[in-house]
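Single-letter residue listing:
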Amino acid sequence: MSIEKIAVLGGGQMGAGIAEAAASRGISVALIKATPGPSDKAKAGIEKGLGRLVEKGKLSADDAGAIVSRITFTDDLNAAADADLFVESIVEDIAIKKQKFAEADKIVKAGGILASNTSTLCIGDMQAATERSDRFIGLHFFNPATMMKLVEVIPTDSTDASVVADAVAFVETIGKTPVLVKDRTGFIVNRLLTPYMCDAIRCLEDGLADIAGIDTAMQLGANHPMGPLSLADYIGLDIVNAMSENLFEAFGKDYMAPPALLKKLVAAGTLGRKTKLGFYDYSERPPVPNKELG
Ligand SMILES: NC(=O)c1ccc[n+]([C@@H]2O[C@H](COP(=O)([O-])OP(=O)(O)OC[C@H]3O[C@@H](n4cnc5c(N)ncnc54)[C@H](O)[C@@H]3O)[C@@H](O)[C@H]2O)c1
């Protein structure tokens, strides 16, 4: 089956990014907002990002308009009814995701594929909330979804081979590279990357160096494009915390558990870039290390 129309549930940073990435390659998208609040935020964010590309001469204004026109912005889950592929990208909470999948299962057409963009939850757990285990798969995008080339493709033991093939073809159609991974918490990238970010936070807790020092060391010493604390802010500290908790629960290794400082920041609503404060203060240009954290 060729995937020509998708529905994305969740208009947060990843959901909006996935919608834009697909619409940029000619796919029709219903971007479905999952929580109450102003409905134009995702649209405004996508338009702003495309506007920057137009300003830089990387995209014509007509093409930017065409991308936005391929996306229907709605808060009605029924907009997923005729989707070939439904991609869930809401808060990293298994109970909420299961509930939404149970609802979507009743709405999305019989031949449609259900997929989750979870970072660390098990695909099999979500699949069990639906009556189409054979048409359920993980499609793990990376942030920003418009730029990052990798998509981890995670079939379970019950996923039909044709669904895997269709999902791989879709990922390639939108210009990304699929890597097949088994359904184990964290898949490949987050199983390796989350403990690394948590260890960087522990280095800060230990007073090994300051925020800028830790990030500069890894940028210049390991040739990483971004230091681990900047990266955690970029991903969202709530997401990093949830990934860390899920990895610890799955594998029971101390080094995977969230550090106290991460938990404290998340409890205070200090979530990184999206709240303008994390390890860095994004109200300043360029961002400066958060003075409260030394
Ligand atoms: N941030 C990343 O780098 C990244 C990368 C890959 C995958 N993911 C995964 O993508 C998913 C979304 O993450 P994000 O970074 O876009 O987060 P975000 O905070 O930007 O967006 C969260 C989304 O969840 C919805 N939501 C919040 N509470 C809800 C509730 N009670 N019921 C239903 N929906 C609710 C919000 O409306 C919003 O659409 C998560 O599963 C995350 O693990 C994140």
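Please refer to the structure higher up on the page.
What you see is a predicted model; the values in this text were computed from it and never measured.

Reading the values: the criteria
- Residues numbered from 1 in each chain as written.
- Predicted model: local features only at pLDDT ≥ 70, side-chain atom pairs only at ≥ 80, totals over all residues.
- Heavy atoms only, no water.
- Axes fitted to C-alpha atoms, helices over the stretch in contact; angles between N-to-C directions.
- Helix = DSSP H or I, 4+ residues; strand = E, 2+ residues; numbered from the N terminus.
- Parallel < 35°, antiparallel > 145°, perpendicular 65-115°, else oblique.
- Contact = heavy atoms within 4.5 Å.
- Nonpolar A, V, L, I, M, F, W, Y, C, P; charged D, E, K, R; others polar.
- Buried < 20%, exposed > 50% of the residue type's maximum accessible area, 1.4 Å probe, protein only.
- Pairing = 2+ DSSP bridges.
- Arc of directions from axis to C-beta.
- Near = heavy atom within 4 Å.
- Polar contact = N/O pair within 3.5 Å; in protein donor to acceptor, adjacent residues only side chain to side chain.
- Areas by Shrake-Rupley, 256 points an atom, 1.4 Å probe, with all protein chains shown as cover.
- Domains from an automatic or database assignment.

Colleague: What is the right way to look at the packing of helix H7 (residues 189-205) against helix H11 (residues 260-267) in this model?
Modeller: Angle between the axes and distance between the axes: these two values describe a pair of packed helices. Running from N to C, H7 and H11 cross one another at 95 degrees; their axes reach a closest spacing of 8 Å. Of the possible angle classes, the one that applies to H7 and H11 is roughly perpendicular. Residue-level inspection shows Cys198, Ile201, Leu204 and Glu205 of H7 in contact with H11, the latter providing Ala260, Leu261 and Leu262. Partitioned by chemical class, the residues of the contact of H7 with H11 number 6 nonpolar, no polar and 1 charged.

Colleague: Whenever I open this one, the side chain of Thr185 confuses me. Can you help?
Modeller: With respect to the helices, strands and loops of the structure, Thr185 is situated in the loop between strand S8 (177-180) and H7. Take Thr185: its relative accessible area is 9%, and that puts it in the buried class. Not counting residues within four places of it along the chain, the set of residues in contact with Thr185 comprises Thr120, Cys122, Arg191, Asn246, Leu247, Ala250 and Phe251.

Colleague: Mind showing me how you'd approach the sheet that holds strand S3 (residues 71-74) here?
Modeller: To summarise the sheet geometry, strands pair through backbone hydrogen bonds and adopt either a parallel or an antiparallel arrangement. One open sheet holds the 8 strands; their spatial order is S3-S2-S1-S4-S5-S6-S7-S8, and the pairing between them is mixed. Because the sheet does not close on itself, it has two edges, and the strands there are S3 and S8. Geometrically, the sheet is characterised by an average inter-axis angle of 25 degrees between neighbouring strands, direction not taken into account. Where helix H1 (residues 13-23) meets the sheet, its contacts fall on strand S1 (5-9), strand S2 (28-32), S3 and strand S4 (85-88), and the angle it forms with S2 comes to roughly 170 degrees.

Colleague: Just to check I follow, could you spell out unusual backbone geometry for this structure?
Modeller: The phi torsion of most residues other than glycine is negative, and most of the peptide bonds are trans. With an omega dihedral of 0 degrees, the bond running from Asn143 to Pro144 counts as a cis peptide bond. Tracing the sequence through the fold places Pro144 in the loop between strand S6 (136-140) and strand S7 (150-154). Cis geometry is found at the peptide bond from Arg285 to Pro286, where omega equals -5 degrees. Following the sequence through the fold, Pro286 ends up in the loop between strand S9 (280-281) and strand S10 (288-289). With a phi close to 60 degrees, Asn223 is a non-glycine residue in the positive phi region.

Colleague: What am I meant to see in helix H3 (residues 61-69) here?
Modeller: Listing the buried residues of H3 in full gives Ala64, Ile67 and Val68. Down the axis of H3, the smallest arc covering the buried residues is 95 degrees, so these residues share one side. Opposite the packed face of H3, turned more than 90 degrees from it, sit the exposed residues Asp62 and Ser69. Against H1, helix H2 (41-55) and S3 lie the buried residues of H3.

Colleague: Is there a simple way to explain the site of the ligand in this structure?
Modeller: Lining the immediate environment of the ligand, one finds 22 residues, of which Met14, Thr35, Glu92, Lys97 and Ser119 sit closest. Between the ligand and Gly11, the relevant distance is 3.1 Å, taken from an oxygen atom to a main-chain nitrogen or oxygen of the residue. In this structure, an oxygen atom belonging to the ligand sits 3.1 Å away from a main-chain N or O atom of Ile90. Relative to its unbound accessible surface of 830 Å², the ligand loses 83% to contact with the protein. Contributions of two or more residues to the shell around the ligand are made by H1 and helix H4 (94-107). For the shell around the ligand, a count of residues per class yields 8 nonpolar, 11 polar and 3 charged. Here the shell around the ligand gathers at least three residues from each of two domains, domain 1 (5-180) and domain 2 (189-293).

Limitation: the analysis is restricted to geometry and does not speak to function.
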